[in-house]
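# Analysis of the macromolecular model
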Amino acid sequence: MIGSGSIIGILGGGQLGRMLILAGRNLGYRFVVYEPTGPSTAGKVADKEINAAYEDEVALEEFARSVDVITLEFENIPAQVIDWLSAIKQVLPARLALYTCQHRQREKDFLKENDFPCVQFEYADSPASLEVAVHKIGFPCVIKTATFGYDGKGQIKLRNAKEAEDADYLWEFLGAPPRVVVEKWIHHIGEFSVICARKASGEQSTLPVIENIHVNHILHTSIVPARITESTAQQADALARAIAEKLEVVGLIAVELFLNTDGKLIVNEMAPRPHNSGHFSIDGCITSQFEQHIRAIADLPFGSTKLYGPAVMVNLLGDLWTNSNCPPDWTDLLEDSKVKLHLYDKEEARSGRKMGHFTVTGETVESALEVAEAHFCKLQDT
Ligand SMILES: Nc1ncnc2c1ncn2[C@@H]1O[C@H](COP(=O)(O)OP(=O)(O)OP(=O)(O)O)[C@@H](O)[C@H]1O
Ligand SMILES: [Mg+2]
């Protein structure tokens, strides 16, 4: 067990790290953040931040030796860095989960080999093989770079053969990546996620199933409880638990799912860390995803993930700042007793950048959604 007062190292300095630290502080933990790009939003609330490259072995060693356990809030950490750090200090989740989830080909192969439902896919490593892959899958389809994609970056949706004509152009547009995955486009009736925490003993705890609405491939709204049947919710929960078990996750894993028009759940992708769709749990559940992650890696008893009531989370992207050249006016949100506002204190607002979120709790999903939409529209209009 890693007790209160211990130091937790976090790879990555984004808002997920920030909220992890804020939750862990309540249990008496201290934090060191390792972030290559410079002073970060997580670093601002940490005890210490190290800004150095992933190739900087001296800084990595200083980081590993200054903490009691290492975790991450960002899965695109080079595997050799994880191996290197693991030789000095335990890294959770360990290599298997990270290595599988940080590469779309390995992720898809894992799902297929273990009979988890996933979209039809093909790989390509050149414009010529891309052409073959696209024609095997058919239209509509989506091309995704195998690594470093997030918020829909590194993706092109193709609606018809005409849009696929110039494979060289598509390849260049994606940045001539080493490898891409071509996926069948799923005509789904909804997107959902399940966040599962697992301890080294194998004990698991899941959050209620979350319904997600994306705008321009970026998560916009998360709704809990998801508007699905009890049986679909149970299947989603069981899928996430089975995946967490197979990947021997210690910490959290978020499993993103589509529900297709035949009522079948299909795994889109997994993230072995806290997930944007779980932010509602800070205000909506007895134990948040962030606290549960700390409990899992520290081997503490799990907290209850019981929902206080229906909750709706809305992301606040940088566009709200850049469209009006000033920060939004938060007065209405702050005055509403049903709303909790979270701002990440990022230095610069950019289009598509996650700057904060707010959570609305209500008597029903419908009433919470109505309040959330009204607030969001008002923020956009001012
Ligand atoms: N095969 C597909 N069929 C239908 N919709 C898809 C498909 N692939 C992606 N999408 C849509 O694009 C969104 C982003 O895709 P995906 O989750 O693969 O990308 P990402 O860049 O890893 O995003 P994030 O990090 O935000 O989860 C999905 O949530 C979904 O709305
Ligand atoms: Mg996704």
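As a starting point, this report considers the structure included with it. (Residues numbered from 1 in each chain as written. Chains lettered and ligands numbered in written order. Predicted model: local features only at pLDDT ≥ 70, side-chain atom pairs only at ≥ 80, totals over all residues.)

## A short note on the sheet that holds strand β7 (residues 155-158)
We apply this condition: Any two strands with at least two DSSP bridges between them are considered paired. In DSSP terms, a helix is any run of H or I states spanning at least four residues, a strand is any run of E spanning at least two, and both are numbered starting from the N terminus. Note on definitions: angles span 0 to 180 degrees between N-to-C directions of axes, and those axes are lines fitted to C-alpha atoms, for helices only across the stretch in contact. C-beta atoms are placed from the backbone for every residue, and two residues are taken to be in contact when these atoms lie within 7 Å.
Reading across from one edge, β5-β8-β6-β7 is the order of the four strands in this open sheet, with antiparallel pairing throughout. Every interior strand has two partners, whereas the edge strands, β5 (121-124) and β7, have only one. Between one strand axis and the next, the sheet turns through 20 degrees on average, direction left out of account. In the sheet, strand β6 (residues 141-145) pairs with strand β8 (residues 180-184) via five bridges, with the strands oriented antiparallel. The residue of β8 that forms the bridge with T145 is V180. Each of β5, β6, β7 and β8 is contacted by helix α6 (residues 127-137), which is oriented at about 170 degrees to β5, the strand it contacts most.

## Observations regarding unusual backbone geometry
Here L92 and P93 are connected by a cis peptide whose omega angle stands at -5 degrees. Within the secondary structure layout, P93 lies in the loop between α3 (79-86) and α4 (95-101). Notably, D115 is not glycine yet its phi reads approximately 60 degrees, a positive angle. The residue D115 is located in the loop between α5 (104-113) and β5 in this model. For H217, which is not glycine, the phi torsion reads 65 degrees and is therefore positive. The topology assignment puts H217 in the loop between β11 (210-215) and β12 (218-224).

## Looking at the site of ligand 1
This is how the line gets drawn: Should the C-beta atom of a residue, placed from the backbone, lie within 6 Å of a molecule or strand, that residue is near it. Domain boundaries shown here were taken from an automatic or database domain assignment.
Around ligand 1 sit 18 residues in total, of which G149, Y150, E183, I186 and H214 are the nearest. Elements with a contribution of two residues or more to the shell around ligand 1: β6 and β14 (265-271). Here the shell around ligand 1 gathers at least three residues from each of two domains, domain 2 (120-184) and domain 3 (188-381).

No statement about biological role is implied by the geometric values presented.
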